[in-house]
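What follows is the residue order along each chain.
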Amino acid sequence: MSSRTFGKLMRISVIAAALCGLFLCAYVIPSWGQSIVNAYPETSGWYRPWLVFEWLVALPCFAVLFYVWKVSDAVMKDTVFTMLTAKWVKMGSVLLLLDAALLFIGNVILLLAGMSHPGVLLLSIMGDIFIVALALLAAVLSRYLTKAAILQEESEGTI
């Protein structure tokens, strides 16, 4: 496959992920929350804090998609091995780590406020592990993109 095809596939993936994320944040999560409140009216005071928390957790994910879109442009132009691309990937890694921290801290706060269950915190820790693993992969990719960019600059200088 050509770089252009890979870049286009990356963009299709970003669009699909963004649409799924928007559907999840705008419809699925509010609907689930409302159905929980309908089934357990005593939790009605928890709906808004949880909804705001879920939206806050989603924000870094959408920001990561923005950087993936930028990287897809570099893939399409076949200019991946640059310091700028490495910076974008590193920023994605940082945003993922921020998201993992936000998810963990928010779940602990909601648990301590009596608006959650310890099982939810345990599930969120599993999500945190997944997010941190993705952040680690992005950080490694960023490091090797940086090294490749330096090697490319050196080789262009000797030609």
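Residues numbered from 1 in each chain as written. Predicted model: local features only at pLDDT ≥ 70, side-chain atom pairs only at ≥ 80, totals over all residues. Heavy atoms only, no water.

A closer look at the side chain of Asp99
- Within the fold, Asp99 resides in helix 3 (residues 83-112).
- As a buried residue without a salt bridge, Asp99 has its nearest oppositely charged side chain in Lys90, at a separation of 19 Å.
- Beyond its immediate chain neighbours, meaning those up to four positions away, Asp99 contacts Val57, Pro60, Cys61 and Ile131. (Helix = DSSP H or I, 4+ residues; strand = E, 2+ residues; numbered from the N terminus. Buried < 20%, exposed > 50% of the residue type's maximum accessible area, 1.4 Å probe, protein only. Lys, Arg positive; Asp, Glu negative; His and termini not counted. Salt bridge = Lys/Arg side-chain N within 4 Å of Asp/Glu carboxyl O. Contact = heavy atoms within 4.5 Å.)

Overview of a nonpolar patch on the surface
- On the surface, Phe104, Ile105, Ile109, Leu122, Ile125 and Ile129 cluster together into a nonpolar patch covering about 570 Å² of accessible area.
- Elements with a contribution of two residues or more to the nonpolar patch: helix 3 and helix 4 (118-158).
- Looking at Ile105, the relative accessible area reads 49%, which means it is partly exposed. (Patch = residues over 30% accessible without salt bridge, like charges linked within 9 Å, V, L, I, M, F, W, Y side chains within 5 Å. Areas by Shrake-Rupley, 256 points an atom, 1.4 Å probe, with all protein chains shown as cover.)

Regarding the environment of Trp88
- Within the fold, Trp88 resides in helix 3.
- The exposure class of Trp88 is buried, given its relative accessible area of 13%.
- Linking Trp88 and Ser142, residues 54 residues apart in sequence, is a C-alpha distance of 8.1 Å.
- In this view, Trp88 contacts Tyr67, Lys70, Val71 and Ala74; residues no more than four positions away in its chain are not counted.

Observations concerning helix 3
- When the terminal C-alpha atoms of helix 3 are compared, their 43 Å separation across 30 residues agrees well with the 44 Å that a helix rising 1.5 Å per residue should span.
- Gly114 occupies a position one or two residues after helix 3 and carries a positive phi of about 80 degrees. (Expected span 1.5 Å × (residues − 1).)

A short note on the packing of helix 2 (residues 47-76) against helix 3
- Their axes nearest at 9 Å, the elements helix 2 and helix 3 cross at an angle of 170 degrees. As summarised for this structure, helix 2 and helix 3 are arranged roughly antiparallel, according to the angle between their axes.
- Considering only residue class, the contact of helix 2 with helix 3 consists of 21 nonpolar, four polar and two charged. (Axes fitted to C-alpha atoms, helices over the stretch in contact; angles between N-to-C directions. Parallel < 35°, antiparallel > 145°, perpendicular 65-115°, else oblique. Nonpolar A, V, L, I, M, F, W, Y, C, P; charged D, E, K, R; others polar.)

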